[in-house]
Amino acid sequence: MSTRLHAIFLHCGASPDAGRPARYVVADHLARGFRDIGYARYYWLDRATGAVMVHEGREDDGDPFVERGEVGAHVAGANSWSLGVCISGTWDDEPPPESLIDAAARGIAVLCFERGLQSSDVYGHRECGDVTPPPGFPAVDPTDKSCPGRMVDMDAFRARVGRHLAGLHDLAALPGAV
């Protein structure tokens, strides 16, 4: 059974900084009984170079549906109709590094472009109780988490995703574009 993708949720990794490699998050999620990392994408900064790294998590075939093997583990009650994207760090007291937030926005724009979503379909985990689920699914309970962090302005993040998404649509409209 598959469900049309309805939303993308941005998370923070609840780590002390932006440099927690994906292997630690995968190990933590496996220890919690997940079959893999709970996110479709996980972004962190390489401590040695400062480069943004990305780990592609849950199986994802690129279509606009969430099939059984692709169901994540990131927002209780919404996993079967959403994707989770995580940025390393805890962003309640300071904003995430520009390079990290921009890489996540670019990556989410690609996910939106591939699946027919808009930037308005992107939410912070803390906003999960405000999301209208697809028909036939119960409402998602609100969370007391601040994820992806109080210093992540989700309206500004959605606007950034929207700008990147508009650029992708412009590229796709060029003659000879696929």
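Residues numbered from 1 in each chain as written. Predicted model: local features only at pLDDT ≥ 70, side-chain atom pairs only at ≥ 80, totals over all residues. Heavy atoms only, no water.

Colleague: Tell me about the pairing of strand β6 (residues 82-87), and name the residues and values.
Modeller: Regular strands place side chains that alternate from one sheet face to the opposite one. Across the six residues that make up β6, a large majority, six, are buried. Judged from the three bridges that link them, strand β3 (residues 41-45) and β6 form a sheet pairing that is parallel. Within β6, the residue paired with Tyr43 across the bridge is Ile87. (Buried < 20%, exposed > 50% of the residue type's maximum accessible area, 1.4 Å probe, protein only. Helix = DSSP H or I, 4+ residues; strand = E, 2+ residues; numbered from the N terminus. Pairing = 2+ DSSP bridges.)

Colleague: So what's going on with the sheet that holds strand β7 (residues 122-124)? Residues and values would help.
Modeller: Read across the sheet, five strands follow the order β4-β3-β6-β2-β7 without closing on themselves; strand pairing throughout is mixed. Looking at which strands have only one partner, the edges of the open sheet turn out to be β4 (52-56) and β7. The sheet shows a mean angle of 20 degrees between the axes of neighbouring strands, taken without regard to direction. Together, β2 (7-12) and β7 form the strand contacts of helix α3 (residues 154-172), whose direction differs from that of β7 by roughly 150 degrees. (Axes fitted to C-alpha atoms, helices over the stretch in contact; angles between N-to-C directions. Contact = heavy atoms within 4.5 Å.)

Colleague: Report on the pattern of salt bridges, specifying residues and quantitative values.
Modeller: Following the criterion strictly, the structure yields nine salt bridges and no others. Notably, a salt bridge pairs Glu114 with Arg115, separated by 2.6 Å at the nearest N-O pair. Classification of Glu114 by relative accessible area gives partly exposed; the value is 41%. With a relative accessible area of 4%, Arg115 lands in the buried category. Salt-bridge contacts for Asp155 lead to Arg158; the nearest nitrogen and oxygen are separated by 2.9 Å. With Asp155 and Arg158 both in helix α3, this residue pair falls three residues apart, about one helical turn. (Salt bridge = Lys/Arg side-chain N within 4 Å of Asp/Glu carboxyl O.)

Colleague: Explain the nonpolar core residue by residue, including any values.
Modeller: Nonpolar side chains in soluble globular proteins generally cluster together in the buried interior. Counting residues in each nonpolar core, the largest one holds 29 residues, and the members touching the most others are Ile8, Ile108 and Phe157. Counting only elements with at least two residues in this core, the list comes to β2, β3, β6, α2 (98-115) and α3. Examining the composition of this core, we find that nine residues originate from one element, α2, more than from any other. Among residues more than four places away in sequence, those in contact with Phe157 are Leu10, Ile101, Ala104, Ala105, Ile108 and Val122. Formed by nine residues, the second largest nonpolar core is a distinct cluster that contains Ala7, Phe9, Ala78 and Val131. (Core = buried A, V, L, I, M, F, W, Y, C linked by side-chain atoms within 4.5 Å.)

Colleague: Please give an account of the pairing of β4 that cites residues and values.
Modeller: Here β3 runs beside β4; their pairing, made up of five bridges, is antiparallel. When the bridges of β4 are listed, Arg41 appears paired with Glu56. The hairpin formed by β3 and β4 contains six residues between the paired strands, and Gly50 there has a positive phi angle of roughly 80 degrees.

Colleague: An account of the packing of aromatic side chains is needed here, citing residue identities and associated values.
Modeller: Per the counting criterion, the structure on display carries three aromatic pairs. For the pair Phe9 and Tyr123, a centre-to-centre distance of 5.9 Å together with 35 degrees between the ring planes defines the contact as tilted. Linking Phe9 in strand β2 with Tyr123 in strand β7, this pair joins segments that are 114 residues apart in sequence. Pairwise contacts between aromatic rings join Phe9, Trp81 and Tyr123 into one cluster. (Phe/Tyr/Trp six-rings, centres within 6.5 Å; stacked < 30°, edge-to-face > 60°.)

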